[in-house]
Amino acid sequence: MKVTVVGAGAVGASCAEYIAIKNFASEVVVLDIKEGFAEGKAMDLMQTASLNGFDTKITGVTNDYSKTAGSDVAIITSGIPRKPGMTREELIGINAGIVKTVSSNLLEHSPNVILIVVSNPMDTMTYLVHKTTGLPKNRIIGMGGALDSARFKYRLAEALEAPISDVDGMVIGGHSDTGMVPLTAHATRNSIKVSEFLSEERLAQVSEDTKVGGATLTKLLGTSAWYAPGAAVSSMVQAIACDQKKMFPCSAFLEGEYGLNDICIGVPVLLGKNGIEKIVKIDLAEAEKAKMKESAEGVRKTNSLLTL
Ligand SMILES: NC(=O)c1ccc[n+]([C@@H]2O[C@H](COP(=O)([O-])OP(=O)(O)OC[C@H]3O[C@@H](n4cnc5c(N)ncnc54)[C@H](O)[C@@H]3O)[C@@H](O)[C@H]2O)c1
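Every value quoted in this text rests on a predicted model; they were computed, and no experiment measured them.

With domains assigned, the chain is organised as domain 1 (2-143) and domain 2 (145-303). Taken together, the contact pairs 37 residues of domain 1 with 49 residues of domain 2. The contact between domain 1 and domain 2 buries some 3500 Å² in all, and 63% of this surface belongs to carbon and sulfur atoms. On inspection of domain 1 and its partner domain 2, the count reaches five salt bridges. Here glutamate 255 ties to lysine 137 by a salt bridge, and the two come within 2.6 Å at their closest N and O atoms. Our count for the domain 1 to domain 2 interface comes out at 14 residue pairs in polar contact (both at pLDDT 80 or more). Contributions of two or more residues to the side of domain 1 that touches domain 2 are made by helix H1 (10-22), strand E4 (73-76), strand E5 (114-117), helix H5 (122-133) and strand E6 (140-142). The residue inventory of the side of domain 1 that touches domain 2, partitioned by class, reads 21 nonpolar, seven polar and nine charged.

Structure follows, in structure tokens:
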């Protein structure tokens, strides 16, 4: 499997690193517009290969898409990240232009590629790629829910004082501070609902902490996070590479699922060799349905800022 990562910044480099360490891809090409930057990141990562025990070949290129030819999966991380106090939506002006050009360049050299969109505002960027590339919907996947769910599990484990491996939970909806819908009613510890262990107030706090998970880190770091985003992307690419049919909440183009149309937003999907193999429909409680509807309205508001 050949994977391209566009953007050799914090998130792009983390994606390349985790993909290599998991050792399922033969080749990772990292591309950046900044002269020599991707080459430097790739060389540094390759010098960890003998230490970390991977055989994946990582190469870096400066804006040369011919080197990405024949990619099976490409990850779009190019664009600006938010600074403390910014919302993801504020990034749309610059990132929309970048994401549109990058996806078109990728497809020119890899017509069969599966695209994973990371750049923010991610649901709107995923929708932009859907509208401008004409690719089948199974080959355009937005990464947000996999990360938000990992943050949810972290907060649940903290509240439960349990190991994270005991905890399961999922976040659907838009990838924004107000749009995320942590499914607290479905979350479990060793298959027992977490509501058996946590009060309604504590669960509400877990939800709130999850929703501002990105903003909390941006405030601490001065820029947005990269380890967990890179790990989330690498798990999704692994599911595609190994045809795992593994379930992740991802931003997918909806045609009636969850009562929504003509929108990309986080819903549970199965990832396998064809990208999105299936959108999984689950029964939501009335309150969750209402939150999902509100979340979709927020995503549509950001989509309306796009010039398609
Ligand atoms: N979806 C998510 O869950 C999630 C999580 C974290 C970050 N993000 C988003 O990912 C994006 C990247 O974040 P980061 O922290 O890596 O930023 P960063 O600034 O560290 O890296 C971005 C890189 O993109 C490159 N770039 C810009 N324009 C380009 C172009 N046209 N072609 C190729 N490369 C180009 C830059 O040179 C830079 O190296 C941001 O938009 C951020 O908001 C999304």
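Structure's up, so let's keep going.
This brings us to the environment of glutamate 255. Turning to its location among the elements, glutamate 255 is positioned in strand E12 (residues 246-255). The class for glutamate 255 is partly exposed, based on a relative accessible area of 49%. Sequence-distant contacts of glutamate 255, defined by excluding residues within four places in its chain, comprise Lys137, Leu260 and Asn261. Polar contacts involving the side chain of glutamate 255 include one to the side chain of lysine 137, which spans 2.6 Å.

Next up on the list: the side chain of threonine 210. Its location among the elements puts threonine 210 in helix H7 (residues 200-211). Accessibility expressed as a relative area gives 1% for threonine 210, which makes it buried. From its side chain, threonine 210 meets the backbone oxygen of valine 206 in a polar contact 2.7 Å long. In this view, threonine 210 contacts Asp148, Arg151, Phe152, Arg155, Val171, Met180 and Pro182; residues no more than four positions away in its chain are not counted.

As a packed pair, helix H6 (residues 145-160) and H7 sit with axes 9 Å apart at the nearest point and diverge in direction by 145 degrees. Crossing hand, H6 versus H7: right-handed. Contact residues: Asp148, Arg151, Phe152, Arg155, Leu156 and Ala159 in H6; Arg202, Leu203, Val206, Asp209 and Thr210 in H7.

A few words now on the side chain of arginine 82. Topologically, arginine 82 is positioned in the loop between E4 and helix H4 (92-109). With a relative accessible area of 5%, arginine 82 lands in the buried category. At a separation of 3.2 Å, a polar atom in the side chain of arginine 82 contacts the main-chain carbonyl oxygen of methionine 86. Aside from chain neighbours lying at most four places away, what touches arginine 82 is Thr87, Arg88, Leu91, Asp177, Gly214, Ala215, Thr218, Thr223 and Ser224.

Attention now moves to the packing of H4 against H5. The N-to-C vectors of H4 and H5 enclose an angle of 45 degrees; their axes lie 10 Å apart at closest approach. Judged by the inter-axis angle, H4 sits oblique to H5. Along this stretch, H4 crosses H5, giving a crossing that reads as right-handed. Within the contact between the two elements, H4 uses Ile92, Asn95, Ala96, Val99, Lys100, Ser103 and Leu107 and H5 uses Thr124, Met125, Leu128, Val129, Thr132 and Thr133. Looking at side-chain class alone, the contact of H4 with H5 contains seven nonpolar, five polar and one charged residues.

Rules and cut-offs
- Residues numbered from 1 in each chain as written.
- Predicted model: local features only at pLDDT ≥ 70, side-chain atom pairs only at ≥ 80, totals over all residues.
- Heavy atoms only, no water.
- Domains from an automatic or database assignment.
- Contact = heavy atoms within 4.5 Å.
- Buried area = accessible area lost by both parts, 1.4 Å probe.
- Salt bridge = Lys/Arg side-chain N within 4 Å of Asp/Glu carboxyl O.
- Polar contact = N/O pair within 3.5 Å; in protein donor to acceptor, adjacent residues only side chain to side chain.
- Helix = DSSP H or I, 4+ residues; strand = E, 2+ residues; numbered from the N terminus.
- Nonpolar A, V, L, I, M, F, W, Y, C, P; charged D, E, K, R; others polar.
- Buried < 20%, exposed > 50% of the residue type's maximum accessible area, 1.4 Å probe, protein only.
- Axes fitted to C-alpha atoms, helices over the stretch in contact; angles between N-to-C directions.
- Left-handed = near helix turned anticlockwise from the far one by under 90°.
- Parallel < 35°, antiparallel > 145°, perpendicular 65-115°, else oblique.

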